[in-house]
Amino acid sequence: MSMRNYTALRALKREIDKCVLCGGCTAGCPTYDLSRHEKDSARGRVMLAKALLEGELEPDGGLMEKFDHCLTCMNCVEACPAGAEPVKVITAARSEIYRAMPKNSLTGLIFRRLLPDRKALGSFAALARIGQKLLNHLPPSQYLPFVRGSVKRKVPRIAPKTLRDIYPEILPPKGKPFMRVAYFTGCMADRTYQDTARAVMEVLISAGVEIVLPKGEVCCGAPAWFAGDRDGAAAAEKNLHAFNPYTVDYIVTSCATCGSVLKDIYPELLGPRLLVKKLSEKVIDFQQLVADRLWDRLEFKETDGKPLKVTYHDPCHLSRGMKVKDAPREILSRLPGVEFVEMEKPCACCGGAGAFSLKYYDDALEIGRQKAESVADSGAAVVATACPSCRMQIGDLLNRYNGGGDVVHTAAIIRHLLR
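About the criteria used
Residues numbered from 1 in each chain as written. Predicted model: local features only at pLDDT ≥ 70, side-chain atom pairs only at ≥ 80, totals over all residues. Heavy atoms only, no water. Core = buried A, V, L, I, M, F, W, Y, C linked by side-chain atoms within 4.5 Å. Buried < 20%, exposed > 50% of the residue type's maximum accessible area, 1.4 Å probe, protein only. Helix = DSSP H or I, 4+ residues; strand = E, 2+ residues; numbered from the N terminus. Contact = heavy atoms within 4.5 Å. Pairing = 2+ DSSP bridges. Right-handed = clockwise from strand over helix to strand, strands pointing away. Axes fitted to C-alpha atoms, helices over the stretch in contact; angles between N-to-C directions. Parallel < 35°, antiparallel > 145°, perpendicular 65-115°, else oblique. Left-handed = near helix turned anticlockwise from the far one by under 90°. Nonpolar A, V, L, I, M, F, W, Y, C, P; charged D, E, K, R; others polar. Salt bridge = Lys/Arg side-chain N within 4 Å of Asp/Glu carboxyl O. 1 Å grid on protein atoms, 1.4 Å probe; cavity = no way out; pocket = protein on both sides within 12 Å on 5 of 7 lines; lining within 4 Å. Points joined across faces, edges and corners; volume = space filled by probe spheres on them. Expected span 1.5 Å × (residues − 1). Bend = angle between axes of the 7 residues up to and from the residue.

A.B. asks: Which parts of the structure should I look at to understand the nonpolar core?
C.D. replies: For soluble globular proteins, the rule of thumb is that nonpolar side chains tend to be buried together. Of all hydrophobic cores here, the largest spans 115 residues; its most connected members are Leu9, Tyr266, Leu335, Ile413 and Ile414. Examining the composition of this core, we find that eight residues originate from one element, helix 16 (residues 256–270), more than from any other. Dropping the residues within four chain positions of it, isoleucine 413 is found in contact with Val310, Leu332, Leu335, Val338, Val382, Ala384 and Val408. Counting eight residues, the second largest nonpolar core, distinct from the first, contains Cys349, Phe356, Tyr360 and Ala364.

In structure tokens:
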């Protein structure tokens, strides 16, 4: 076997060596629970990374699939008694294999041309919108993508205009300004789940917050980063220059993955520079900001009648990544007219995980089945969450297994109850 200069993996040699093969990471690992194969556990993947680093394995498509079949849910990080971070090793291994393999022209187009370019992405979205309309009018068929058991996958509608086409760059607050924030909407809230973005903005404005929507915002880089294309992800440097000109107290996110990438991945991806540090330190989840700084500034309606029963799903990149778990529960428990109920295993991965559910749809459904059952057992009428990928996945699961149900961002519930 040839020896290669695996820079990203070599930098994580200490993380690899922390693994003592105890198997603690297998408990709660979605893919290991699904297959019971060692290759689908964090321990197995770390050993594969070690073999790759030491020249015992060659980078190829088969090896990439073993690393790809991971949701990067970070359950293993939370479970590891040695304090190792297998997800860092797994994403580094993906990058080494991606770099060594022949480039796929489609992924190159997506990661390097579409996602970092608002104009190009807009043109693609317009074509995708036409395709979506066509698919919506076709009956369920085994020849269509993501149809299982004569049920189509439930996906959000692509909006004809982005938020930045609709709203000005600066949105003034209601009353005297209390705070100024920049809002990193992310691609999904900008183009599909616009109801989330509108709810976030209306809540912030009601609390006296001035909002900046930088026109130069592009994709955070998560799709490319988690696929192994670190050079493609580095195009997200555009966000540094889009947000840097504005003096703000916080950079607010309503997407768990965007927030986690901006806060935790950018320093590794873009280097330990002052501009990167300045951005990452200001990133805060919307729910955390409301719970910590804005709650007392919000006025709610008087409510009567039967309360709305709401449960909450913890996105992996929010609860394990940004460490935001208490804030959404504090909010939902205190909202008038809401009865908050905890579902069983609220932090269990729903199986969405961005591209995972595109590549391994059947596995995503099987992993998510337990989530659908937990929602049903809770008796909740609404599921709140803070990740567009989770929202899409859980909406699909409820439609498939429970006959439907509402899945919304926590911001939407807050906005609905504002005076």
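On we go.
A.B. asks: What should I look at first to understand the pairing of strand 10 (residues 382–385) in this one?
C.D. replies: In the case of a regular strand, side chains alternate between the two sheet surfaces. Alternating residues of strand 10 divide into Val382 and Ala384 and Val383 and Thr385, and every residue in both groups is buried. With three bridges connecting them, strand 8 (residues 308–312) and strand 10 associate as parallel partners. Paired with tyrosine 312 across the strands is alanine 384, a residue of strand 10. Of the crossover connections in this fold, the one passing from strand 10 over helix 23 (residues 388–402) to the parallel strand 11 (residues 406–409) is right-handed.

A.B. asks: What should I look at first to understand the sheet that holds strand 9 (residues 338–340) in this one?
C.D. replies: Strand order in this open sheet of four strands is 9-8-10-11, and the pairing throughout is parallel. Of all strands in the sheet, those with a lone pairing partner are strand 9 and strand 11, marking the two edges. Put simply, the sheet's adjacent strands are angled 35 degrees from each other on average, direction ignored. Sheet analysis places strand 10 next to strand 11, joined by four bridges and oriented parallel. Paired with alanine 384 across the bridge in strand 11 is valine 408. Relative to the sheet, helix 23 contacts strand 10 and strand 11, its axis offset from that of strand 11 by approximately 170 degrees.

A.B. asks: Hey, could you run me through helix 24 (residues 410–417) in this one?
C.D. replies: Within an α-helix, residues lying three or four positions from one another point in the same direction, as the helix has 3.6 residues per turn. Taken across its eight residues, helix 24 has six buried, putting it largely inside the fold. Those residues of helix 24 that fall on the buried side of the exposure criterion are Thr410, Ala411, Ala412, Ile413, Ile414 and Leu417.

A.B. asks: Would you mind showing me how to read the packing of helix 4 (residues 42–53) against helix 7 (residues 86–100) here?
C.D. replies: Working note: a packed helix pair is described by the angle between its axes plus the distance between those axes. Contact geometry for helix 4 and helix 7: axes closest at 9 Å, N-to-C directions at 45 degrees. By the angle between their axes, helix 4 is oblique relative to helix 7. When you trace helix 4 past helix 7, the crossing you get is left-handed. Contact with helix 4, carried on its side by Ala42, Arg45, Val46, Ala49 and Leu52, involves Pro86, Val89, Ile90, Ala93, Glu96 and Ile97 of helix 7 and no other residues of that element. Its residues assigned to classes, the contact of helix 4 with helix 7 comprises nine nonpolar, no polar and two charged.

A.B. asks: Please explain the pairing of strand 8 as it appears in this structure.
C.D. replies: The sheet contact formed by strand 8 and strand 9 spans three bridges and is parallel. From the neighbouring strand, lysine 309 faces strand 9, where its bridge partner is glutamate 339.

A.B. asks: Sorry if this is basic, but what is going on with the sheet that holds strand 5 (residues 209–212) here?
C.D. replies: Taken in spatial order, the five strands line up as 3-5-4-6-7 in an open sheet, and their pairing is mixed. Each of the sheet's edge strands pairs with one partner strand only, and the pair in question is strand 3 (170–171) and strand 7 (283–285). Pairing analysis gives three bridges linking strand 6 (residues 250–253) to strand 7, with the strands arranged parallel. Directly across from valine 252, in strand 7, lies its bridge partner isoleucine 284. Strands strand 4 (179–184), strand 6 and strand 7 of the sheet are contacted by helix 16, whose axis makes an angle of about 155 degrees with strand 7.

A.B. asks: Could you clarify how one ought to interpret the pattern of salt bridges in this entry?
C.D. replies: Pairs can form between side chains of opposite charge once their charged atoms are near each other. Per the counting criterion, the structure on display carries 27 salt bridges. As a salt-bridge pair, glutamate 38 and arginine 43 come within 2.7 Å of each other at their nearest N and O atoms. With a closest N to O distance of 3.9 Å, glutamate 299 and arginine 419 form a salt bridge. Here arginine 419 lies in the segment after helix 24 and glutamate 299 lies in the loop between helix 18 (286–294) and strand 8, a separation of 120 residues in the sequence. Comparing glutamate 299 with arginine 419, the two get one shared label, exposed.

A.B. asks: Explain empty space enclosed by the protein here, please?
C.D. replies: Over the atoms, a rolled probe matching the size of one water molecule traces out where space is still vacant. For the structure on display, the rule yields six cavities of 30 Å³ or more. Computed from the structure, the largest cavity encloses a volume of approximately 150 Å³. In terms of lining, the largest cavity is formed by 19 residues, of which the most central are Cys19, Cys25, Cys80, Ala84 and Pro86. Of all the secondary structure elements, the ones that give two or more residues to the lining of the largest cavity are helix 2 (13–18), helix 4 and helix 7. With three residues, the top contributor of residues to the lining of the largest cavity is helix 4. Partitioned by chemical class, the residues of the lining of the largest cavity number 14 nonpolar, two polar and three charged.

A.B. asks: Would you mind showing me how to read the packing of helix 4 against helix 5 (residues 61–68) here?
C.D. replies: In contact at an axis separation of 10 Å, helix 4 and helix 5 are set at 145 degrees when each is read in the N-to-C sense. Considering only the axes of helix 4 and helix 5, their crossing is left-handed. Residue-level inspection shows Arg45, Leu48, Ala49 and Leu52 of helix 4 in contact with helix 5, the latter providing Leu63, Lys66 and Phe67. Here the residues of the contact of helix 4 with helix 5 are counted per class, giving five nonpolar, no polar and two charged.

A.B. asks: What is the right way to look at helix 22 (residues 361–378) in this model?
C.D. replies: Between its terminal C-alpha atoms helix 22 stretches 25 Å, which fits the 26 Å expected from 18 residues at 1.5 Å a residue. The largest bend in helix 22 comes to about 35 degrees, at glycine 368. Here helix 22 has its buried residues at Tyr361, Ala364, Leu365, Ile367, Gly368, Lys371, Ala372, Ser374, Val375 and Ser378. In this fold, the buried residues of helix 22 make contact with helix 3 (30–35), strand 1 (147–148), strand 8, helix 21 (356–359), strand 10 and helix 23. Phi for glycine 379, located one or two positions after helix 22, is positive at around 75 degrees.

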